[in-house]
Amino acid sequence: MSEGLLASVRVLDLGGASSDAVGRLFADLGADLLKIEPPGGSEARHALPAVEGASIGFAVHNANKRSAVLDPDSAADRQRLLDLAGAADIAIDSGIPGVAAAYGTSCVELADRFGHLVALSVTDFGTTGPYSSRQATDAVLYAMSTALSRTGPTTGRPVLPPEGLASGTAAVQAAWATLAAYYRRLRDGRGDYIDFSRFEGVLQALDPPFGSEGQASVGQKTLDELWRGRPRNQQIYPIFACKDGHVRICLLSPRQWRGMRAWLGEPEQFADPKFDTIAARYAASRELNAAIADLVAPQTMDALVAEGQSRGVPVAAVHTVAEALASEHFRAVGALTDLTVAADVTLTVPAGPVIVDGRHAGVVRPVSDAGSDEPDWAAGTFAAAPRNDRVVRPFDGLRILDLGVIVAGGELGRLFADLGAEVIKVESAAYPDGLRQTPPGMTMSRSWALTHRNEQSLGLDLRHPEGAELFRRLVAKADAVFANFKPGTLESLGFSYDELREINPRIVLAESSAYGPNGPWSDRMGYGPLVRAATGVTWLWTSRDAEPGSFYDATTVFPDHIAGRLAAVAALAAMIRRDRTRSGAHVHIPQAEAAVNQLATAYVTEAARTAGVAVAEDESIHGVYPCAGEDEWCVISIRSETDRAALSAVVGRDDLPRERTAFLAAVSEWTRARDRSDVTETLQDAGVPAAPMNRAVDIPTDPQVVSRRLYSDMPHPLFDVPMLSETGPAPYTGIPAAELRPAPMPGEQTRKICHEVLGMSDEETDRLIADGILFTQ
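Note that the structure is predicted; figures quoted are calculated from it, not measured.

(A) Fine view of the packing of aromatic side chains. If you walk through the whole model with that rule in mind, you get 14 aromatic pairs. Ring centres of Phe330 and Trp521 lie 6.0 Å apart, and the angle between their planes is 50°; this geometry places the pair in the tilted category. Highlighted residues: Phe330 in helix H14 (residues 328-333) and Trp521 in the loop between strand E20 (508-513) and helix H20 (528-535), separated in sequence by 191 residues. Both residues of the pair, Phe330 and Trp521, count as buried.

(B) Broad picture of the pairing of strand E18 (residues 456-460). Where burial is concerned, most of E18 is hidden: 5 out of the 5 residues are buried. Across the two faces of E18 the burial is the same, with Gln456, Leu458 and Leu460 and Ser457 and Gly459 all buried. The pairing of strand E17 (residues 422-427) with E18 spans 4 bridges and is classified as parallel. Along E18, the bridge assignment pairs Val426 with Leu458. In the classification by handedness, the crossover that spans E17, the intervening helix H16 (residues 446-451) and the parallel E18 is right-handed. Note that E18 and strand E27 (residues 774-775) share 2 bridges and pair antiparallel.

(C) Main features of the sheet that holds strand E10 (residues 245-249). One open sheet holds the 3 strands; their spatial order is E9-E10-E11, and the pairing between them is antiparallel. In this open sheet, the two edge strands, each paired with only one partner strand, are strand E9 (239-242) and strand E11 (315-317). Within the sheet, the average angular offset between the axes of one strand and its neighbour, ignoring direction, is 30°. The sheet contact formed by E10 and E11 spans 3 bridges and is antiparallel. Bridge pairing in E11 links Ile249 to Val315. Where helix H12 (residues 301-311) meets the sheet, its contacts fall on E9, E10 and E11, and the angle it forms with E11 comes to roughly 160°. Along the sheet, H20 contacts E10 and E11; its crossing angle with E11, the most-contacted strand, is approximately 20°.

(D) Inspection of the side chain of Glu632 at higher detail. Tracing the chain through its elements places Glu632 in the loop between strand E22 (621-626) and strand E23 (633-638). Looking at Glu632, its side chain comes within polar contact range of the side chain of Arg695, at 3.3 Å.

(E) Layout of the sheet that holds E22. Here 3 strands make up an open sheet; going across it, the order is E22-E23-E24 and the pairing antiparallel. Here the strands that pair on one side only, and so sit at the sheet edges, are E22 and strand E24 (690-692). Here the average twist between neighbouring strands, direction ignored, is 15°. Judged from the 3 bridges that link them, E23 and E24 form a sheet pairing that is antiparallel. When the bridges of E24 are listed, Cys634 appears paired with Pro692. Strands in contact with helix H27 (residues 676-685) are E23 and E24; relative to E24, the strand with the most contacts, it is inclined by about 160°.

(F) Region of interest: the side chain of His329. Position of His329 relative to the elements: it lies in helix H14. In this structure the side chain of His329 is engaged in a polar contact, spanning 3.1 Å, whose partner is the backbone nitrogen of Trp521. When residues no more than four places from it in sequence are discounted, the contact partners of His329 are Tyr515, Asn518, Gly519, Pro520, Trp521 and Ser522.

(G) How the structure looks around helix H9 (residues 254-263). Among the residues of H9, Gln256, Trp257, Gly259, Met260, Arg261 and Trp263 are the ones counted as buried. For H9, the elements touching its buried residues are E10, helix H10 (278-283), helix H11 (285-296), H12 and E11. Count one or two residues on from H9 and you reach Gly265, which has phi positive near 90°.

(H) Region of the structure containing the pattern of salt bridges. Counted according to the given criterion, the structure contains 49 salt bridges. When the shortest N-O distance is used, the salt bridge between Glu200 and Arg708 registers 2.6 Å. Taken as a pair, Glu200 in helix H7 (residues 198-205) and Arg708 in helix H28 (residues 703-708) lie far apart in primary sequence, 508 residues in all. Looking at Glu200, the relative accessible area reads 6%, which means it is buried. Accessibility expressed as a relative area gives 11% for Arg708, which makes it buried.

Parameters at a glance
- Residues numbered from 1 in each chain as written.
- Predicted model: local features only at pLDDT ≥ 70, side-chain atom pairs only at ≥ 80, totals over all residues.
- Heavy atoms only, no water.
- Phe/Tyr/Trp six-rings, centres within 6.5 Å; stacked < 30°, edge-to-face > 60°.
- Helix = DSSP H or I, 4+ residues; strand = E, 2+ residues; numbered from the N terminus.
- Buried < 20%, exposed > 50% of the residue type's maximum accessible area, 1.4 Å probe, protein only.
- Pairing = 2+ DSSP bridges.
- Right-handed = clockwise from strand over helix to strand, strands pointing away.
- Axes fitted to C-alpha atoms, helices over the stretch in contact; angles between N-to-C directions.
- Contact = heavy atoms within 4.5 Å.
- Polar contact = N/O pair within 3.5 Å; in protein donor to acceptor, adjacent residues only side chain to side chain.
- Salt bridge = Lys/Arg side-chain N within 4 Å of Asp/Glu carboxyl O.

Following this line, the structure appears as structure tokens:
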């Protein structure tokens, strides 16, 4: 990689902790990112957890950035900020009223003043709507986005997901929305203003209640099922105790089940062919899991993983964070690097989740000291594209060949299709996408309908020489190829990046896989639940009050949605460079590295503890509390003494305990008799972050969701009622909401694509269909 994919992009970073990770992703990809701080530096530099007085989170999320100091009380510096914005491509601000307000301006004013500028405002709930003045922490975002209601035991106190996932999810969604607007700017000269809500970003991209679901869920759910109870499926990807820890086993395909059955010794009670289906195995999970538990109990994690690999049974060890960071795999592939966090402290940190042309596009230099750089842009002149009113959506005219499957692959194509790209979903009759599974009596799964809207389906056998030749002809006419196969699969089909580049030197290949293209784990079978187990996420996804060995991440789809969005950001960055240099690129997102980077602050903090470095801990209390009604809960975040005093005043107690367990019990006495919404409103009015625990059924009528028009009704001819579907990645000023063309049946547009894209005759198409090289519905 001779230069970063975004080497031509200038980003003015005015934001704080809630938006720092957005700029970090752009900086990783090569953008010239200039962070503006006040005299003395940003307060976030001292946020906890910290080492030697330096914030770990700030160091992680501001690596690769330059830092300049401007004094908001200086007229010259206020003008200097305007000059910088006028020559920038992207400006990022956060909070209400926002950092820019101190300099006499705002994101929306900058966007109005400089028509070429893409201005991103990051706030907790957006700048409009009934919740716009409320405050959010990760705990609040989990509660409101339905993530909290889907984690924890079936009954009793829900369990908060690991802190950092919500913030990280929102940052990646914001980066995608922003880069898409910038790509349109390159094509038509018009900037945009994005009123980004972290709440909406988490709703769309962590575990969306109205979006792509995992393969195991797809085979069981019906369209109108909005479950109000709490997780019924914590054993869908079960974890078993073994000799030296725990392992997770993930059985999805019939082949994997047969391998497991043979490993169990072909028990007669599971011989019925019906057990080839996920639904049948889930119905018998009590008996089946008991048999597996007896098998694995006397064996070690390493032995079980190796045996599972040899039998085609997906198994992963449940590693601690320290074990994951010490793994041979992460070290071998360069997923970790050293970063200077404080003057005398260097810690191991995740390098970054994006691999470009075989190299990590990640940490290159540590966070700069406040004011160590001049408030100026690097050499080079700024030039805006000429205005072109024919461009409506950012990707109008782009053609993408989509080989992606299930959630991570499916999301990637859909993100581009929603914003105007022609996305051709290439489907195999022999190896159908897992999301094509349907509950009994249905022709299409809801997840497929939501994941593949706005796309076309081409039924094609890539393994047949004539099918491969048709694909080559498509590659010659395409802008990008998307895939998320096991490493080596594209090469075995004759479509490695080098081979694709020979066909089309400008092609962009975007891939994701469980553990990346190389390294000791690269050939392991990998799904999200296994990735979480192997990387330490499962170990984090529990409660300090839970029984040892209790883990609660089975019903999340993390990191699939994030991997899809990271791949989208990287692919688009590659197209931005391609349009400038006429050279394509190969980008790859290892899901394991995506997961670790999302929780970078937690991982680096654990690395510091493991290394014996003294850590000033964050003593915030993010608690889940019972409310009036059956199984109703709320969350309250106490971040500081100010929050504690405000809560004490509301509760009417000045003697709230300092010890966490006693504190939770005391506050629970107050919340237990109160409605979850009343608790939320009362505390938010007092300046304390709080939220009700929402379920999926609550989201369509949530006042903020309704006010901001996050969803719209998407009809489909195969469904009796419309489905709620997101309107776009974020509220834009100049980019219209996504179209809602129905997701296709397998091979539905085969004839159309053969005729219109490949110029084939009806006779030739008919012959290839008859020979099984093409198929149509």
